[in-house]
Amino acid sequence: MSDNKPLGLIAGQGDLPRLIIKKCAMQNRPIFVAAIEGQTPPETVKDIDHIWLKIGKIGSFIEAFNKHKIKEVVFAGGIKRPNFSNISLDWEGVKLAAAISYKTLGDDAILTAITDLLESKGFRILAPADILHDIRPKAGVLTLKSPTEEEIADINKGIRILDLLSSGDVGQAIIIQMGQVLGIEAIEGTEQLIRRVRDYKLATEGGLLVKTPKIQQNLKIDLPTIGIQTLHQLHASQLNGVAIEADRSQIIDQEAVIKLANELGLFIYVFNTN
């Protein structure tokens, strides 16, 4: 990777795309953003060289990056999985849809097929951590508050359950309280998972979130992620903290997240599975 080469950013939702744009500005590195209609917040690309594209127009992404002499591409931010039957595909999109058998394969296979296609066209796919070097946490307790022995047992149980579900491409997250599973992430995402378990809690306070990547997950473009909003959601549901995996997860704006966790009385526990 070269900090002097122009970077192509395929931007989704959340703060991560904005942090990458900011980092490139600090490095005086040219950046060109492919914003996705209906997905990318307009404020993300304000005053930034960008183009708006429809999600099914894969060939347009390739054409735009080639026009701007982009060789390195990074995906950043959440993108809601589209209903392919309701979107218009260009020829590259049609070929991609046929290759991945989108009716039967999960998100991991789709993301891997997209990266494979871009790499076959001569692009190098970078992970956000290649740009933001402090985004992946190291093992340990990052906060003033630590999980109790009972919570460590719940974390380990959550890790085992997610590992068992991993091969089925189900969920990156689970919420456990006093040894009981309150919820497992499905297509709704972590935010809605945290909200819906409020009705299932065994006690008003307590419980924790565990996030870990699936076995087949594409770690370049799709890592379990927490940020400021995650902490506010945990606090609103009166959960005690979150556990994520070292080096295979992302904390967006880590310093600010740790500061907020301490203010809210939450723990952030980073575990190793090796």
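First things first, this report covers the structure right here in the doc.

Rules used in this analysis
Within any chain, residue numbers begin from 1 and follow the written order of that chain's sequence. Given that the model is predicted, a residue must reach a pLDDT of at least 70 before its local features are reported, and side-chain atom pairs must reach 80 or more before they are shown or counted; all residues, however, enter totals for whole chains, interfaces and linings. Water and hydrogen atoms were dropped before computing side-chain values, which therefore reflect all heavy atoms in the structure. To pair, rings of Phe, Tyr and Trp, with the six-membered ring standing in for Trp, must have centres within 6.5 Å; the planes then decide the type, stacked if under 30 degrees apart, edge-to-face if over 60, and tilted in the middle. A run of DSSP states H or I qualifies as a helix once it reaches four residues; a run of E qualifies as a strand once it reaches two. Both are numbered from the N-terminal end. Under the scheme applied here, a residue whose accessible area is under 20% of the maximum for its type counts as buried, over 50% as exposed, and between as partly exposed, the area being computed with a 1.4 Å probe on protein chains only. The pocket and cavity definitions rest on a 1 Å grid over protein atoms only: a 1.4 Å probe that fits but cannot leave marks a cavity, an open set with protein on both sides within 12 Å along at least five of seven lines marks a pocket, and residues lining either have an atom within 4 Å of a point. Grid points are joined across faces, edges and corners, and a volume is the space filled by probe spheres set on the points. Each residue is assigned to one class: nonpolar for Ala, Val, Leu, Ile, Met, Phe, Trp, Tyr, Cys and Pro, charged for Asp, Glu, Lys and Arg, and polar for all the others, Gly among them. One requirement defines pairing of two strands: DSSP has to find at least two bridges between them. A right-handed crossover is one whose linking path, passing over the helix from the first strand to the second, runs clockwise when the strands point away from the viewer. Lines fitted to the C-alpha atoms define the axes, with helices restricted to the stretch that makes contact. Angles between their N-to-C directions range from 0 to 180 degrees. Small angles under 35 degrees read as roughly parallel and large ones over 145 as roughly antiparallel, with 65 to 115 read as roughly perpendicular and the rest as oblique. When the near helix sits turned anticlockwise from the far one by under a right angle, the crossing is termed left-handed; a clockwise turn instead gives a right-handed crossing. Residue contacts are counted whenever heavy atoms from the two residues lie within 4.5 Å of one another.

Bringing the packing of aromatic side chains into the picture now. For the structure shown, the criterion picks out 2 aromatic pairs. Measuring from ring centre to ring centre gives 6.2 Å for Phe32 and Phe65, while their planes differ by 85 degrees; the resulting arrangement is edge-to-face. One end of the pair, Phe32, is in strand E2 (residues 31-36); the other, Phe65, is in helix H2 (residues 58-67), with 33 residues separating them in the sequence. A relative accessible area of 3% means that Phe32 is categorised as buried. Overall, Phe65 belongs to the buried group, its relative accessible area being 0%.

So, on to the layout of surface pockets. Put simply, the second largest pocket is a space of about 280 Å³. It is helix H1 (residues 16-26) that contributes the most residues to the lining of the second largest pocket, 4 residues altogether. Residues that form the lining of the second largest pocket fall into these classes: 6 nonpolar, 2 polar and 5 charged.

Right, let's talk about the sheet that holds strand E13 (residues 267-271) for a bit. Spatially, E6-E13-E11-E9-E7-E8 is the arrangement adopted by the 6 strands of the open sheet, whose pairing is mixed. Taken across any chain shown, the strands that pair with only one partner, and hence form the sheet edges, are strand E6 (140-141) and strand E8 (180-184). The sheet contact formed by E6 and E13 spans 2 bridges and is antiparallel. Counterpart to Val141 in the pairing with E13 is Tyr269.

Another aspect to go through is the pairing of E2. Side-chain positions along a regular strand alternate between the two faces of the sheet. Of all 6 residues making up E2, 6 are buried, and the element is well covered by its neighbours. Residues of E2 alternate between two faces, with Ile31, Val33 and Ala35 on one and Phe32, Ala34 and Ile36 on the opposite face, all of them buried. Of the pairings in the sheet, the one linking strand E1 (residues 7-11) to E2 comprises 5 bridges and is parallel in character. Note that in E2 the partner of Leu7 across the bridge is Ile31. Chirality of the crossover, the property in question, places the unit of E1, H1 and E2 among those that are right-handed.

Packing of helix H8 (residues 228-236) against helix H9 (residues 254-264) brings their axes to within 9 Å, and their N-to-C directions diverge by 15 degrees. Between H8 and H9, the angle falls in the class roughly parallel. The interaxial crossing formed by H8 with H9 has right-handed handedness. Side by side, H8 and H9 meet where Ile228, Leu231, His232 and His235 of the first sit next to Ala256, Val257, Leu260, Ala261 and Leu264 of the second. Split into classes, the residues belonging to the contact of H8 with H9 amount to 7 nonpolar, 2 polar and no charged.

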